[in-house]
Amino acid sequence: MTTRIAVVSAGLSVPSSSRLLADQLSSATAAALRSAGHPVEVDMIELRPLAHGLADHLLTGFPSGELAEALLRVRQADALIVVTPVFAASYSGLFKTFFDVLETGALEGTPVLLAATAGTARHSLVLEHALRPLFAHLKAVPVPTAVFAASEDFGATSDGRLAARVERAAHELVSLLAGPVLRGQVGGAERHGRPESGQVVRRGALPAPDEEFGDPTPFEDLLAGR
Amino acid sequence: MQLGIFSVGDVTQDPTTGRTPSEHERIRNTVAIAKKAEEVGLDVVALGQHHNPPFAASSPTTTMAYIAAQTERIILSTATTLITTTDPVRIAEDYAQLQHLADGRVDLMLGRGNTGPVYPWFGKDIRDGIPLAIENYALLRRLWREEVVNWEGKHRTPLQGFTATPRPLDGVPPFVWHGSIRSPEIAEQAAYYGDGFFANHIFWPSSHTRQMVNLYRRRFEHYGHGTADQAIVGLGGQVFMRANSQDAVNEFRPYFDNAPVYGHGPSLEEFTQQTPLTVGSPQQVIERTLGFREYVGDYQRQLFLVDHAGLPLKTVLEQLDLLGEHVVPALRKEFAALRPDHVPTAPTHASLVDADRETATEGAAR
């Protein structure tokens, strides 16, 4: 079964170093999955074109058009790679807003690779102090290695350590996936709802929003406070 | 098809003049709007219940009784009666009292309310929203239907040998609609009892409303109240009209851009596409409203929001004129022509009394 990796990049400039890092991380992850014999589909989601939609969602309470699609794609992904620029000692507001409007529980149990970019390496602990707690709150499963890239890491004089960190993080993400998810034992539907016992479920099997009310709690149960 | 208006009762500054009406003005305006709604031939006027500024609508039955005294025909309803934070004993009594005063021209729509602090102000917890709605309504039904009630629950002091007074008019409780934007439990509740389900509809995309209504219809049938297409559905709608549609857009835009609920967000054009909001000519409103039927099926009640976002009274009354003169007659005719015979119209006090007598006669015959 094809593994779906959603990549969320909050870089603002075009091209952005966040997007560059996102590309490196997704290529490394895809390569590692393919070499292990798993077909993979990478879905790049840039937040810049969704900025208006995100502000509108905050004000209206519902996602429209492209934002609704992006949220659905993240919800249905088997794993997530997230990259934010560092703004004022933390993730950017745009990055945070995307995860603010993602519905509760959407990332429960989802493996996530955390990454950030900044002009200087002095901000690197943003990954540990801001992103990791955020994804812990969302009940996602961040891999141990988070990848930080300062501008100098993209330089010609780079000693290759960024590439090594990218590789290591990508392999950590794949090994998380290669555990339960690729064996079909843990998946989105199980994390969200009521799996049949022994049934092979995965994130891609989540109900489309069109069928989200397909299985109501019977009123007798509600009356009995169950 | 019942056609009417619903109001939240907000006191909002007119963004074009900077003027904010006083609470007194807003309350008097609500009465004027309701009287005008009857005058132009609307079927229903529904009022909100709120316990915090900027609303001036904490006591709907007081206002409804006052309106009932000055009208002859229009049905008085709510949008919504807070089933979570209002003692169900008071709801049972207040609305039965109102039934008597209004000669049965009363129904109500129950809602939970989504303002967090209101719950503790009334000794409740918003996290209990759904359980409160379920337990309180179960009690409310018994208070209206059983002379003497012994009751014990989680959210209210127990009742022993309690009789809610006055008893409902003709022994028939007011019809109940359950309003919800996104809680499937409320659609389930409405279906379970065979009550009406009202989808507020106006701030959300139609795909969402379609799913909620479908859930309610499916479960209505499941609980044996009839076929899915016989379930009792109401929808909200939001319109602003002028004879010339570009005039409507130009005049409404500053109100839209500054509206308390969605202002400063999407453009008027975007929001019109994404939600049922219709700004244009009466003909556009007629066509758009008839289109609702395509995704919720034949339904029984359509309420429009026309008096919010700081629109001045004069403008609101003009909107009612346009509704009464052009929109309502056309919609009434079209909806009636489209509705199959086996799909019921919205229950009224008279129809509920008839149904009640039939049941009693059948019972006696057996």
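Every chain's residues receive numbers from 1 upward, in the order its sequence appears when written. Lettering for chains starts from A, numbering for ligands starts from 1, and both go in the order in which the items are written. Local features are withheld for residues below a pLDDT of 70 in this predicted model, meaning they are given only at 70 or higher, and side-chain atom pairs are given and counted only at 80 or more; totals for whole chains, interfaces and linings count all residues.

1. Points about the overall build of chain B
Right, on to step 1. Only DSSP runs of H or I with at least four residues qualify as helices, and only runs of E with at least two residues qualify as strands; both kinds are numbered from the N terminus onward. Looking only at helices and strands, one finds 12 helices and 12 strands in chain B.
Right, on to step 2. When burial is assessed residue by residue, chain B has 48% of its 366 residues classed as buried.
Right, on to step 3. We call two residues in contact when the distance between their C-beta atoms, placed using the backbone, is within 7 Å. Across chain B, every contact between residues at least 6 apart in sequence was considered, and the portion connecting residues at least 24 apart equals 74%. Partly exposed residues are those whose C-beta has more than 12 but fewer than 20 other C-beta atoms within 10 Å; 20 or more makes a residue buried and 12 or fewer makes it exposed, with C-beta atoms placed from the backbone.

2. Describing the pairing of strand S1 (residues 3-9) of chain A
Residue and element names in this part refer to chain A.
Right, on to step 1. Most of S1 sits inside the fold, with 6 of its 7 residues counted as buried.
Right, on to step 2. Pairing between strands is defined by DSSP: at least two bridges between the two strands are required. Bridge count for S1 against strand S2 (residues 40-46) is 7 bridges, and the pairing is parallel. Along S2, the bridge assignment pairs Val7 with Met44.
Right, on to step 3. When the strands point away from the viewer and the connection leading from the first strand across the helix to the second strand turns clockwise, the crossover is called right-handed. Viewed along the sheet, the connection from S1 through helix H1 (residues 17-35) into S2 turns out right-handed.
Right, on to step 4. Sheet analysis places S1 next to strand S3 (residues 79-87), joined by 5 bridges and oriented parallel. Bridged to Ser9 within S3 is Val83.

3. Re the nonpolar core
Right, on to step 1. Residues B:Leu42, B:Val45, B:Leu76, B:Phe197 and B:Tyr216 are the most contacted members of the largest nonpolar core, which totals 98 residues.
Right, on to step 2. If you tally residues by element for this core, the top one is helix H5 (residues 129-145) of chain B, at 8 residues.
Right, on to step 3. Dropping the residues within four chain positions of it, B:Tyr216 is found in contact with B:Ala187, B:Ala190, B:Ala191, B:Phe197 and B:Ala231.
Right, on to step 4. Formed by 56 residues, the second largest nonpolar core is a distinct cluster that contains A:Val112, A:Leu114, A:Val143 and A:Leu176. When buried Ala, Val, Leu, Ile, Met, Phe, Trp, Tyr and Cys residues are joined through C-beta atoms within 7 Å, the set is termed a nonpolar core.

4. Some words on the pairing of strand S12 (residues 301-305) of chain B
Residue and element names in this part refer to chain B.
Right, on to step 1. When you tally the buried positions in S12, you get 5 out of 5 residues, the bulk of the element.
Right, on to step 2. Alignment of strand S1 (residues 2-7) against S12, held across 4 bridges, turns out to be parallel. Residue pairing across strands places Gly4 opposite Leu303, the latter belonging to S12.
Right, on to step 3. In terms of strand pairing, strand S10 (residues 233-241) meets S12 through 5 bridges, oriented parallel. Looking across to S12, one finds that Leu235 is bridged to Gln302.

5. Observations concerning helix H10 (residues 282-296) of chain B
Residues and elements named next belong to chain B.
Right, on to step 1. In a helix, the anticipated span is given by 1.5 Å times the number of residues less one. For H10, built from 15 residues, the straight-helix expectation of 21 Å at 1.5 Å per residue is met to within 8% by its first-to-last C-alpha distance of 22 Å.
Right, on to step 2. Along H10, the residues that are buried comprise Pro282, Val285, Thr289, Phe292 and Val296. The arc enclosing the buried residues of H10, seen along the axis, measures out at 60°, which places them on a common side. Within H10, the exposed residues directed more than 90 degrees away from the buried face are Gly291 and Glu294. The arc in question is the one traced by the directions running from the helix axis out to the C-beta atoms.

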